Amino acid sequence: MSSIEKARAELDSLRREIEEHDYRYYVLDDPVIDDSQYDQLMKRLLQLEKEYPQLVTPDSPSQRVGGQVQEGFKPVRHLAPMLSLGNSFDEGELRDFDRRVRAALAGQSVEYVVELKIDGLAISLVYEKGIFVRGATRGNGEMGEDITQNLKTVGSIPLRLRRPVDRLEVRGEAYMPKDAFADLNARREERGEPLFANPRNAAAGSLRQLDPGITAQRRISTFIYAIGHVEGQALPNHYAGLQWLKELGFRTNPEVQVFDHISKVIEYVNSWQQRRFDLPYAIDGLVIKVNSIEQQEALGFTAKSPRWAIAYKFPAEKAITRVEDIKLTVGRTGVLTPTAFLTPVAVAGSTVSRAVLHNEDIIKKKDIRIGDTVVVHKAGDVIPEIVEVLVDKRRGQEREFIYPDHCPECGTQLVRAAGEVAHRCPNTQCPARNREGIFHFVSRGAMDIEGLGPAVVTQLLREGLISDAADLYSLKFEDLIELERFGEKSAQNLLNAIEDSKERPLSRLIFALGIRHVGQTAAKKLAEHFGSLDGLARATEEELLAVYEVGPKMAESIVKWFAQENNIKLLNKLIFAGVNTAHEETSKTSDESLAGKTFVLTGTLADFTRRQAKAAIEARGGKVTSSVSKKTDFVVVGENPGSKYEKAQSLGIEILTEEKFKKLVN
Ligand code: IVH
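Residues numbered from 1 in each chain as written. Predicted model: local features only at pLDDT ≥ 70, side-chain atom pairs only at ≥ 80, totals over all residues. Heavy atoms only, no water.

## So, the pattern of salt bridges
Inspection of the entire model under this criterion finds 37 salt bridges. With its nearest N and O atoms 3.8 Å apart, the salt bridge here joins Arg 77 to Glu 142. With Arg 77 in strand β1 (residues 75-77) and Glu 142 in the loop between β5 (131-137) and β6 (143-145), the pair connects residues that are 65 residues apart, well separated along the chain. When its relative accessible area of 53% is taken as the criterion, Arg 77 is described as exposed. What makes Glu 142 partly exposed here is its relative accessible area of 40%. With a shortest N-O distance of 2.7 Å, Asp 372 and Arg 394 are connected by a salt bridge. One end of the pair, Asp 372, is in the loop between β15 (369-370) and β16 (373-379); the other, Arg 394, is in the loop between β17 (383-389) and β18 (399-400), and 22 residues separate them in sequence. Accessibility assignment for this pair places Asp 372 and Arg 394 in one class, buried. Salt bridges sharing partners connect three or more residues here, namely Glu 360, Asp 361, Lys 364 and Arg 416. (Salt bridge = Lys/Arg side-chain N within 4 Å of Asp/Glu carboxyl O. Helix = DSSP H or I, 4+ residues; strand = E, 2+ residues; numbered from the N terminus. Buried < 20%, exposed > 50% of the residue type's maximum accessible area, 1.4 Å probe, protein only.)

## Points about the site of the ligand
Every residue close to the ligand is listed here: Ser 84, Leu 85, Glu 115, Leu 116, Lys 117, Ile 118, Ala 122, Glu 173, Tyr 225, Val 287, Lys 289 and Pro 306. Measuring from a nitrogen atom of the ligand, one finds a backbone N or O atom of Leu 116 at 3.1 Å. Note that a nitrogen atom of the ligand is positioned 3.1 Å from one of the backbone N or O atoms of Ile 118. Summarising the interface, the protein chains cover 86% of the accessible area of the ligand, which totals 520 Å² for the free molecule. The cavity that encloses the ligand is the second largest pocket. Sorting the residues of the shell around the ligand by element identifies β3 (112-118) and β10 (283-290) as the ones contributing at least two each. No other element matches β3, which puts four residues into the shell around the ligand. Here the residues of the shell around the ligand sort into seven nonpolar, one polar and four charged. (Near = heavy atom within 4 Å. Polar contact = N/O pair within 3.5 Å; in protein donor to acceptor, adjacent residues only side chain to side chain. Areas by Shrake-Rupley, 256 points an atom, 1.4 Å probe, with all protein chains shown as cover. 1 Å grid on protein atoms, 1.4 Å probe; cavity = no way out; pocket = protein on both sides within 12 Å on 5 of 7 lines; lining within 4 Å. Sits in = over half its atoms within 2 Å of the grid points. Nonpolar A, V, L, I, M, F, W, Y, C, P; charged D, E, K, R; others polar.)

In structure tokens form, the structure reads like this:
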């Protein structure tokens, strides 16, 4: 066997293995390997595909990482219109629906399937010969938008079916789990970006990204609930259809029940009124469908919706309470966040006692005053929010919240940059910023020091045992054992966890430093690109901009951070403590034919996606950057090149046509 045939065979079995694990993880919720074993398989797959870019297939699990940035979304016509459902809001309306169904079926007995109504956005997925070829939004029901590249990044959507089917279109809901939504908004708040109002908007916003790489970072999941079109498969009823979808590899919702009487349907619907708040995703009601396909066909459709199905919608959960106080907290980047403290009240399954107000503009716009009676709800069943002030309830004692001019923690004059909604404390030594910075340093995505939550950090600061994150590494057993709530065992465990954290990858350390605009993904890129903390510290703005994902804001922020004396002190302490500051190279191929060469890609290549071209260059030790400068060695030019082509010509940089490029990487 030639080496390429060997690679092909290995790729084939690797892909099958990864698909099987995806299925077990996403659909059966029963993984048999852990994350690191899975990562190993994926790493091997990516490595082989890097070596043999010509063997990359559109349904390879590697295609989930998010390909080229798109220019827009193509409109697509659905194979059959995507209808919506009629709504019902109470028992009476459900009984009316049942009467209509029975009357039309002239007394036949009827079975109903009841499903959860997932609060996300409707999607349509088309498979040809078992391969995922197109995914679209619902749009206006007739025409949707082609979001195939983004949907490929969603782990629960199979890129290849577990059984061959000639042509299949399925429909379902894409959604963002509640915890992913809360995390995403927390990160956006920290970066001063606008927040998503609810998980549905967050899911829609994530799937309508022109850069699939961004979608890939968002946690989107799916439940498939209908077959839109199928060839060569007869299914007796909807329930059997759902079972079949699961066998094909789709994620279907487990909370589905079949009933033979509307009273039982109503009982089941009511059982979800409170239980729904315990689900890890938001639902806004239930959907009731006639089970038999024959009966569905007999019932048919009105202009807008099927006569054989109806939605039951939960009443919106709201509660009335009082604003007892408004307080400000200072985050690690200095952003001030106002929070309303409320008289505790039950909303959407839990007690709410505070609501984040985000910024001064929101307080002003909603005219929220201390002492006000307000209506609260939970955005997407998760985040408590003040919906409106009941102005009629004012008694004259309410107090307007005056935004301070100075930081409530350190007294420094606050700044509000033009175009930004947030006030910031500019004092890099502000005790609140320092404390929040240490919380971040030890947190899960960062240095991940177990047993070191905000409470313990606050305690250590208060006792004067630490003044910055690096001081954690000089804590002693004798110091800890003296502290309240610490015993011998917990003290030793904490010291061990701190010691372990010294071995974290460089990317974690970079993220842990809390440099504004540097998230986890950027930290990884920076670690790979510069190879050491020292390398990053010395990088100029121009050099930073040469890193694929780094924009001007981030570059400026990094340079500023490393120019601050107290930060350099912190770094020196970390290095002295023995914290790992070097990037560990992942296995490389021996081909170094393009080592030291810098490439820029422009225009569309016929035989490579941008990612494949990049992979081919990197596999040979070369580097790809996004802008042309004197340091660029080659500009690869495809169809419709951009201004980079002209710039390369004016700088006299060697231009490679696709033909020449192929020779170089083959
Ligand atoms: S069935 C022709 N089942 O609710 C009937 N819809 O207006 C197609 N939805 O746009 C819909 N969960 O996005 C169905 N289990 C479920 C659902 C569901 C959520 C959404 C769907 C649709 C809207 C109904």
